[in-house]
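The residues making up each chain are set out below.
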Amino acid sequence: MTSSSPQGAGPSTAPAHPTASTTSSIKSQHGDEAVLTYDVLDEKEAVSFVADNGAGATVLFSGTTRDSFRGKQVTRLEYEAYTSLALKTLQTLLSQAHTSAPFADNPIPLSANADPSSAANEDRVTRCYVAHRLGAVGVGECSILIAVSSPHRKEAFVVAEWLLEEVKKNVAVWKREFYAAGDSVTALDGEAGPFDPKQSGAVDAEVAKETQGWEWKANFPTT
């Protein structure tokens, strides 16, 4: 079996993941939550977390492992995270979700049913939830859940998609894609090619420094 590794790192094998699931989470100042976990993701938990009597819309995105990529048969994905930095970045993104940032490239007018006094308030969502699974994720299984509640539906859709794109571009989560042919490739979650911290614009100097001599490794303790 051969594998494609990040530049500067030799061939590596997938680690033995913790036998007991370990979960890390962080909340934003708005009460949103981000979760990194080896557990199976729970859609009901995501929807329940963002539920609010003032929200008229809830959008849930579930990203699953597909069975093929560029003509290759995929057998599974495996995810690893630089946990402390990933959670820090997720917390920042959750806070930004309550600003005008998600609407910079996708401006939408306020709903006709919106309170006129809210026109000056850039926060147009109620609550957000992001959960990313780590470890092995088989074909058809969920690797990421994003839930957003909002008084009106358009805002919920825009913010959910914005969060997804920002997570894939900026959060220090790597995936290794395994194929039926026996080979594999490692990439930052939102990228298609092998991960190179010197070339990637998605992570900052802190993770680039951390990943010098990078090796595929578990970031959560096994005990």
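An unreviewed UniProt entry annotates the chain as Related to molybdopterin synthase large subunit of Sporisorium reilianum.

Draft legend 1. Region of interest: the confidence of the model for the chain. Overall, the prediction assigns the chain a mean pLDDT of 80, with 70% of residues at 70 or greater. Taken together, the stretch residues 1-16 has pLDDT below 50 and engages in 33 contacts with residues farther than four places along the chain or on a different chain. Under a pLDDT of 50 for its full length, residues 194-205 has, in the predicted model, 24 contacts with residues more than four places off or in other chains.

Draft legend 2. Local environment of the packing of aromatic side chains. Tallying each qualifying case throughout the model produces one aromatic pair. Arranged with centres 5.5 Å apart and planes meeting at 45°, the rings of Phe 49 and Tyr 129 form a pair that is tilted. Of the two residues, Phe 49 is situated in helix 1 (residues 43-50) and Tyr 129 in strand 6 (residues 127-133); the sequence distance between them amounts to 80 residues. Directly above the aromatic system of Phe 178 lies the positively charged group of Arg 76, at a separation of 3.7 Å from the ring centroid.

Draft legend 3. Highlighting the sheet that holds strand 3 (residues 57-64). Taking strand neighbours across the sheet as the criterion, the five strands line up as 1-2-6-8-3 in an open arrangement whose pairing is mixed. Of all strands in the sheet, those bounded by a partner on one side alone are strand 1 (23-27) and strand 3. When strand polarity is set aside, the average angle formed by the axes of neighbouring strands in this sheet is 10°. Sheet analysis places strand 3 next to strand 8 (residues 142-150), joined by eight bridges and oriented antiparallel. Residue Leu 60 lies in a different strand from strand 8, and its bridge partner there is Ala 147. Relative to strand 2 (residues 33-37), helix 2 (residues 83-96) is tilted by about 155°, and along the sheet it contacts strand 1, strand 2 and strand 6.

Draft legend 4. Structural context of the nonpolar core. One finds Leu 36, Leu 90, Cys 128, Ile 146, Val 148, Val 159 and Leu 163 to be the most contacted residues of the largest nonpolar core, which totals 37 residues. The element best represented in this core is helix 3 (residues 153-170), accounting for eight residues. Setting aside residues no more than four positions away along its own chain, Ile 146 makes contact with Val 59, Leu 60, Phe 61, Tyr 129, Val 130, Ala 160, Leu 163 and Leu 164. Ranked by size, the runner-up nonpolar core spans nine residues in total, among them Val 50, Ala 131, Cys 142 and Ala 147.

Draft legend 5. Representation of a negative patch on the surface. On the surface, a cluster of negative charge is contributed by Asp 39, Asp 42, Glu 43 and Glu 45. Within the secondary structure, Asp 42 is located in the loop between strand 2 and helix 1. For Asp 42, a relative accessible area of 37% gives the class partly exposed.

So, how was this worked out
- Residues numbered from 1 in each chain as written.
- Predicted model: local features only at pLDDT ≥ 70, side-chain atom pairs only at ≥ 80, totals over all residues.
- Heavy atoms only, no water.
- pLDDT = per-residue confidence, 0-100.
- Contact = heavy atoms within 4.5 Å.
- Phe/Tyr/Trp six-rings, centres within 6.5 Å; stacked < 30°, edge-to-face > 60°.
- Helix = DSSP H or I, 4+ residues; strand = E, 2+ residues; numbered from the N terminus.
- Lys NZ or Arg CZ within 6 Å of the ring centre and 35° of its normal.
- Pairing = 2+ DSSP bridges.
- Axes fitted to C-alpha atoms, helices over the stretch in contact; angles between N-to-C directions.
- Core = buried A, V, L, I, M, F, W, Y, C linked by side-chain atoms within 4.5 Å.
- Buried < 20%, exposed > 50% of the residue type's maximum accessible area, 1.4 Å probe, protein only.
- Patch = residues over 30% accessible without salt bridge, like charges linked within 9 Å, V, L, I, M, F, W, Y side chains within 5 Å.
- Areas by Shrake-Rupley, 256 points an atom, 1.4 Å probe, with all protein chains shown as cover.
- Salt bridge = Lys/Arg side-chain N within 4 Å of Asp/Glu carboxyl O.
- Lys, Arg positive; Asp, Glu negative; His and termini not counted.
- Charge placed at Lys NZ, Arg CZ, Asp CG, Glu CD.

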